[in-house]
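Okay, here's what each chain looks like letter by letter:
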Amino acid sequence: MRKDVFGLVYAGEENINLRELVNLRSVSALPVGGRYRVIDFTLSNMVNSGIRNIGIIPKKNYQSLIDHVGSGKDWNLDRKTDGLFILPPYDTFENTGSYNGLVDTLKGASAYIRRAPQKYCLLTGSFTLFNCDYYGMFERHMDTGADITMLYNEEPTCAEKGAHFKDLRLTMNDDGRITDMQYRSEKSSQKKVGMDVYLVRKDLLEYLVDDAMAHGKYNFVTDVLIKNLKHLKIYGYKHGGYVSRLSSAASYQQLNMDFLKPEVQDDLFCKERPIYTKVKDGAPAKYGSEALVKNSLIGSGCVIEGEVENSVLFRGVYVGKGAKIKNSIVMQDSRIYENTSLDQVIVDKRVNVRPYSNLVGSQEYPLIIPKGAVV
Amino acid sequence: MVVKKQCVAMLLAGGQGSRLGALTKKRAKPAVPYGGKYKIIDFPLSNCVNSGIDTVGVLTQYEPLELNEYIGTGAPWDLDVTAGGALVLPPYVSGQKGEWYSGTANAIYQNIPFIERYDPDYILVLSGDHIYKMDYSDMLDFHRKKGADATIAVIEVPMEEASRFGIMNTDEEGKIVEFEEKPPVPKSNTASMGIYIFNWKTIRSYLMQDNDDPHSDNDFGKNIIPAMLTAGEKLYAYVFKGYWKDVGTIDSLWESNMELLDDSPQLDLHADWFRIFSRNYALPPHYVGESGKVVNSIIGDGCKIYGEVVNSVISPGVVIGRGSVVRDSIIMKETEIGKSCTVNKSILDEEVTLEDNVYIGGEQKITVVGTGVYATKGAIISEGDMIEPNRVLKQD
C-alpha cells in the first residue's frame, strides 16, 4: 500500500491517425480487448500499486469518460478519504478552459494537486497500454534519489520499424540516468522508449509547471524534461512486459490482435493484477448450433450463430447465421446479421451490418465503420 | 429512526438442499451456481430490485459463509442503500435464549423486530431455490386490489406432476378455498411457488400464535396457511405465467441449465428487460483457441477453451484443454480440465482439477463431481457417481 503517492492521468490525448475511432472520443476512452477501455489499464495499474487517490484530467468529449468511471466504484475508488476525482477544464481569469499542452493542463489541476496529501505524484498519459504495478519503480526512485523517474520499454529502433507518433527515445548512462531524449525523432538509434509515466515529488512538479508557464512554455516533454536534463536527475525504469502505443488505426488493430496471443493474454490479463472495468451485468456469451469460433476473444452477452476467426468481439455483440467475421474487431452492442462477411474491419459501437453485406479492409488500413452506422 | 417501507422482502435462504448432494456440502442451496455466471439467489434478489423493493432480509442458517460473502453490502444488486438494502439475518442469541430457525414461519417470527424497524404494510416471503423472473409489484397490485390478507403466487404445472406440489384450489375469483400439500389425487394443477405476500399486521399475529403452539412445525405451507384458511382470512392465488423452475434436485438443476441453450429460451437472460444482476469478477473476455470448438453452449468470462464444448454451460475462469470433449455438462467456476479428457452429462463443481485423459460420466444418469476434487491422469468417474468435495481420485 503506497500511502504517499497520488495518481494523475491526462486523459485528453487525441490522435488524428486513429481516424474515425477518435471522432467522438479521446484515446483513453477507446474500447480494447473485448471488454475494456484504454483508461481501465491506466487506472487498474495505479490501483494495483496501492494508489488510492487518482485525478483524471479529461479534455473534450468527457461525458462518456464520466459515464464509464462514475464514482470509481468498479476500481474500488469510491473512498471516503481520497478516491477518484475528475478534473475537467474550466474557464477562469487565469485559465482559458482549454489547454495548449500538458503543462497548462497540470496548471488547471493545480488546486487538486495542492490539496493532495501525498508527497509524490505518479503522472501518466493515456495512449500507452500495459499491465504493471509501480512498486519496483517507487523503490528505484527512492534508491537513486532521482528527481523524476520515468518508465520505459525497449522497442525496435526507428530505422527498424519506422518513426512512431510521440515516441520519446531515451539515452541512458550505466546508472540508469537519462542523458538525452529525442522527441518525435526519425533518426534516433536508441531502443529505449518512454512510456508516458513519471514519478515526481509533488512540490517539484508544481515548481516545474509554474516555471514553464512563467516562460510561456506548455510542452511537458520538450519544455520541462528535455530543457532540464542537466539540472534534474531523471532516471529510467524498465518495464519488461507487453506495451502497446495507440498511435494509429493499424496499431489499434494490432493491439487487439495481440490480445489473441496466449503470452500477451498472460501478461495483460495477469491474475495477480486484474484489470477492472465498468460492470455491465451481461449474461454469459451464448453459442448457437452452427457457431464456429477460432482464435478469438469473446465478451459477455454475445450471441454467436455464425463464424468468427482471429477476431475480438466486445460485450453484447450479435453474429447471425452464415456470417463470417475474420481478423476484425466488433465493439459493444453491434449486430452483424446473417450471411455477412467481414475481413480486417473495425466495427465501432452499436453498428448494424445488414444481411449479405461484404466488408473488407487491409491490415495497414483497416476499414472502420463508425459508431451507430447502419451498413 | 424508522424509515417506512411499503413492502419488505424476506428471503428464506437457510435451506440445506440435501437433494443436491455434493453441490450443497459446503454451501447453502441459494449459493449454488447457475447459468454460467449466476447463483440461484441472484434471481429473487434481482426480482426484488426490478420490482422496486429495496429492503430484503436474507435469512441464513446452513453453511452461510459463501452466501454471506457473496451478498456482502448488496452492491451488485443495487441493494447498498442508506435505509434498508440486503441484510443477512442469521439466527441469534437474545438475552439468555438462542435458537435455530425451526421452520420457515419461525425464521420470520424470530425477525419480527427487524421487520418492525421498517413499519411495512406488507411483507413478501420468498424462497431461495427457484429460477424465474417475476415482477412482484404486479403481485402486490393484485393483492391490494383484491383486499386480500394473503396472496400466494401459483403456477400451472402439468396435472401428472401436480401431486409433487402444494396445490391451491380456488374459486372463479382466484380466492383460495382449499390448500393441499402434495395431494395424491390433486383437484387442480395450480401449484404454490413458495412466494407469499401478507398484510404485516395480520401475519404478525399468526406468527405469534404459531410460536405459542408447541405442536406446530412452524412452516408456512403446513401451519400458517391452513390456520389462516380455517380462520376465514381472505387468501388469493396470483397466477404467474412465465418460466419458473424449482432447481432443488440434481436433475432439475441440470435441466434448467440445459433449457438456457434452447434457440429461444423461455428464460431470456440476454434481454435488457428485467436484468438479472450478480456479483461480477474482474475477468477478461473468454478466449477460444485455434483448436477450440464451441457449439450450442454458454461460456462465461475468463474461460480458455482449447477443446470441444457441446451443449454445455461453462462458468467463468474454466480452462478446457486441447483434445478434451465436454458434452451436455455444467462446469462451474475455475475448474481446470486437462488435455484429452471426456466429460459427459456431468456437473463439475467449482475448482475441480482434471489432469489429462480423465473420463467422466455417461449418456443416461447425471454424474456429479464436488468442489475441489482432483482427478489424476487417466482417472475414470463412472456414470451416475456423486464424488464428495476435495477427494483425490487416482487411476484404478
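Values in this document were obtained by computation on a predicted structure and should not be read as measured data.

Colleague: Can you help me understand the overall build of chain A in this one?
Modeller: Across its full length, chain A holds 10 helices and 30 strands. A compact globule built from 375 residues would reach a C-alpha radius of gyration of about 21 Å, and chain A, at 21 Å, matches this within 12%. The 375 residues of chain A split such that 59% are buried. Considering only contacts within chain A whose residues lie at least 6 apart along the sequence, 58% involve residues at least 24 apart. About 15,000 Å² of surface is accessible on chain A, with carbon and sulfur atoms providing 47% of the total.

Colleague: I'm lost on the overall build of chain B in this one. Help?
Modeller: Helices and strands together make up the secondary structure of chain B, namely 8 helices and 34 strands. Compactness check: chain B gives a C-alpha radius of gyration of 22 Å against a globular reference of 21 Å for 396 residues, within 12% of the reference. Taking the principal axes of its C-alpha atoms as reference, chain B extends roughly 65 × 50 × 40 Å. Looking at the 396 residues of chain B, the share that counts as buried comes to 58%. Considering only contacts within chain B whose residues lie at least 6 apart along the sequence, 53% involve residues at least 24 apart. As displayed, chain B has an accessible area near 16,200 Å², and 47% of this comes from carbon and sulfur atoms.

Colleague: What is the right way to look at the packing of aromatic side chains in this model?
Modeller: Any two aromatic rings considered together are summarised by their centre-to-centre distance and by the angle between their planes. Residue and element names in this part refer to chain A. Per the counting criterion, the structure on display carries 22 aromatic pairs over all chains. Here the aromatic rings of F85 and Y112 are separated by 5.3 Å at their centres, their planes lie at 45°, and the arrangement is tilted. Here Y112 lies in helix α4 (residues 110-115) and F85 lies in strand β5 (residues 83-86), a separation of 27 residues in the sequence. Residue classification places F85 among the partly exposed positions, given a relative accessible area of 28%. An aromatic cluster is built from Y36, F41, F259 and F269, whose rings are joined through pairwise contacts. Here the guanidinium or amino end of R19 rests over the ring plane of Y365, the centre of that ring lying 3.6 Å away.

Colleague: Even after reading the chapter, I still don't get the sheet that holds strand β28 (residues 353-354) of chain B, so can you show me in this structure?
Modeller: Whenever strands of a sheet pair, they do so through backbone hydrogen bonds, lying parallel or antiparallel. If you trace the 12 strands from one edge of the open sheet to the other, you get β30(A)-β27(A)-β24(A)-β21(A)-β18(A)-β16(B)-β19(B)-β22(B)-β25(B)-β28(B)-β31(B)-β34(B), paired in mixed fashion. Two strands close off the open sheet at either side, each with one partner strand: β30 (367-369) of chain A together with β34 (392-393) of chain B.

Colleague: What am I meant to see in the interface of chain B and chain A here?
Modeller: Where the parts come together, the accessible area they lose is often given as the size of the interface. At the junction of the two partners, chain B supplies 39 residues and chain A supplies 37 residues. Carbon and sulfur atoms make up 48% of the area that chain B and chain A hide from each other, which totals about 2,900 Å². Applying the counting criterion to the chain B and chain A interface returns 2 salt bridges. The partner of B:D301 in a salt bridge is A:R35, and the shortest N-O contact between them spans 2.8 Å. At the boundary of chain B and chain A, one finds 24 residue pairs in polar contact (both at pLDDT 80 or more). Mapped onto the side of chain B that touches chain A, the elements with two or more residues apiece are β16 (286-288), β17 (293-295) and β18 (298-299) of chain B.

Colleague: What's the story with the sheet that holds strand β32 (residues 380-381) of chain B in this structure? I'm lost.
Modeller: Residues and elements named next belong to chain B. Pairing is parallel across the open sheet formed by 6 strands, whose spatial order is β17-β20-β23-β26-β29-β32. Looking at which strands have only one partner, the edges of the open sheet turn out to be β17 and β32. In this sheet, strand β20 (residues 308-310) lies alongside β17 in parallel orientation, the contact comprising 3 bridges. By the bridge assignment, V294 is partnered in β20 with V309.

Colleague: Even after reading the chapter, I still don't get the side chain of A:Q118, so can you show me in this structure?
Modeller: Residue and element names in this part refer to chain A. Its location among the elements puts Q118 in the loop between α4 and β8 (120-124). A distance of 3.0 Å separates a polar atom in the side chain of Q118 from a polar atom in the side chain of N53. Only 2.9 Å separates the side chain of Q118 from the side chain of D82, close enough to count as a polar contact.

Colleague: I keep staring at the domain arrangement of chain A and nothing clicks. Help me out?
Modeller: Residue and element names in this part refer to chain A. Splitting chain A by domain gives domain 1 (5-268) and domain 2 (286-369). Its C-alpha centre places domain 1 at a distance of 32 Å from the equivalent point of domain 2. A combined buried area of about 1,800 Å² lies between domain 1 and domain 2, and 59% of that area is made up of carbon and sulfur atoms. Contact with domain 2 buries area across many residues of domain 1, yet R19, Q253 and L260 alone supply 32% of it, more than any other trio. Where domain 1 touches domain 2, the interface holds 1 salt bridge. A salt bridge links R25 to D348; the shortest N-O distance between them is 2.8 Å.

Colleague: Mind showing me how you'd approach the pairing of strand β5 (residues 85-89) of chain B here?
Modeller: Put simply, side chains in a regular strand alternate between the two faces of the sheet. Residue and element names in this part refer to chain B. Bridge count for strand β4 (residues 55-59) against β5 is 5 bridges, and the pairing is parallel. Residue pairing for β5: L59 is matched across the bridge by L89. The handedness of the β4 to β5 crossover, carried by helix α2 (residues 65-71), is right-handed.

Colleague: Explanation requested: the nonpolar core in the structure shown.
Modeller: Note on soluble globular proteins: their nonpolar side chains tend to be buried together. The biggest cluster of nonpolar side chains holds 48 residues, and the ones touching the most others in it are A:Y287, A:I304 and B:L354. Residue contacts for A:Y287: discarding those within four places in its chain leaves A:V293, A:I298, A:I304, B:H286, B:V288, B:V294, B:V295, B:N296, B:S297 and B:I299. Listed in part, the 43 residues of the second largest apolar core include B:L140, B:F240, B:W244 and B:F277.

Colleague: Looking at this structure, I do not really get the environment of B:E180. What am I missing?
Modeller: All names here are of chain B. When you line up the elements, E180 lands in strand β12 (residues 176-181). The sequence separation of E180 and K377 amounts to 197 residues, and the corresponding C-alpha distance is 52 Å. Those residues in contact with E180 that sit more than four places away from it in its chain are F165, G166, I167, N169 and K187. For E180, the side chain forms a polar contact with the side chain of N169, separated by 3.2 Å.

Colleague: What should I look at first to understand unusual backbone geometry in this one?
Modeller: A negative phi angle characterises most non-glycine residues, just as the trans form characterises most peptide bonds. You will see that A:N310, though not glycine, has its phi angle at about 45°, which is positive. Mapped onto the elements, A:N310 comes out in the loop between β20 (307-309) and β21 (312-313). Of note in this structure, B:K345 is not a glycine but carries a positive phi near 35°. If you trace the backbone, B:K345 turns up in the loop between β26 (342-344) and β27 (346-348). A relative accessible area of 16% means that B:K345 is categorised as buried.

Colleague: What is the right way to look at the packing of helix α6 (residues 200-212) of chain B against helix α7 (residues 220-230) of chain B in this model?
Modeller: Relative orientation and spacing of two packed helices are given, respectively, by the angle between their axes and the distance between those axes. All names here are of chain B. Relative to each other, α6 and α7 sit at 120°, their axes nearing to 11 Å. By the angle between their directions, the pair α6 and α7 is classed as oblique. As for how α6 packs across α7, the hand of that crossing is right-handed. Of the residues in α7, those touching α6 at T202, I203, Y206, L207 and D210 are F220, N223, I224, A227 and M228. Looking at side-chain class alone, the contact of α6 with α7 contains 7 nonpolar, 2 polar and 1 charged residues.

Colleague: What should I look at first to understand the confidence of the model for chain B in this one?
Modeller: Detail in the predicted coordinates should be disregarded across regions flagged by low pLDDT. In the predicted model, chain B carries a mean pLDDT of 93, and 98% of its residues have values of at least 70. In the predicted assembly, ipTM is 0.89 and pTM is 0.91.

Colleague: Before we go on, may I ask you to explain the environment of B:V313 in this structure?
Modeller: Residues and elements named next belong to chain B. Relative to the assigned elements, V313 resides in strand β21 (residues 313-314). Separated by 116 residues in sequence, V313 and I197 place their C-alpha atoms 34 Å apart. Setting aside its immediate chain neighbours within four residues, V313 contacts G35, G36, N257, L261, I298, S329, I330 and I331.

Reading the values: the criteria
- Residues numbered from 1 in each chain as written.
- Chains lettered and ligands numbered in written order.
- Predicted model: local features only at pLDDT ≥ 70, side-chain atom pairs only at ≥ 80, totals over all residues.
- Heavy atoms only, no water.
- Helix = DSSP H or I, 4+ residues; strand = E, 2+ residues; numbered from the N terminus.
- Rg over C-alpha atoms; globule rule 2.2 N^0.38 Å.
- Buried < 20%, exposed > 50% of the residue type's maximum accessible area, 1.4 Å probe, protein only.
- Contact = heavy atoms within 4.5 Å.
- Areas by Shrake-Rupley, 256 points an atom, 1.4 Å probe, with all protein chains shown as cover.
- Phe/Tyr/Trp six-rings, centres within 6.5 Å; stacked < 30°, edge-to-face > 60°.
- Lys NZ or Arg CZ within 6 Å of the ring centre and 35° of its normal.
- Pairing = 2+ DSSP bridges.
- Buried area = accessible area lost by both parts, 1.4 Å probe.
- Salt bridge = Lys/Arg side-chain N within 4 Å of Asp/Glu carboxyl O.
- Polar contact = N/O pair within 3.5 Å; in protein donor to acceptor, adjacent residues only side chain to side chain.
- Domains from an automatic or database assignment.
- Right-handed = clockwise from strand over helix to strand, strands pointing away.
- Core = buried A, V, L, I, M, F, W, Y, C linked by side-chain atoms within 4.5 Å.
- Axes fitted to C-alpha atoms, helices over the stretch in contact; angles between N-to-C directions.
- Parallel < 35°, antiparallel > 145°, perpendicular 65-115°, else oblique.
- Left-handed = near helix turned anticlockwise from the far one by under 90°.
- Nonpolar A, V, L, I, M, F, W, Y, C, P; charged D, E, K, R; others polar.
- pLDDT = per-residue confidence, 0-100.

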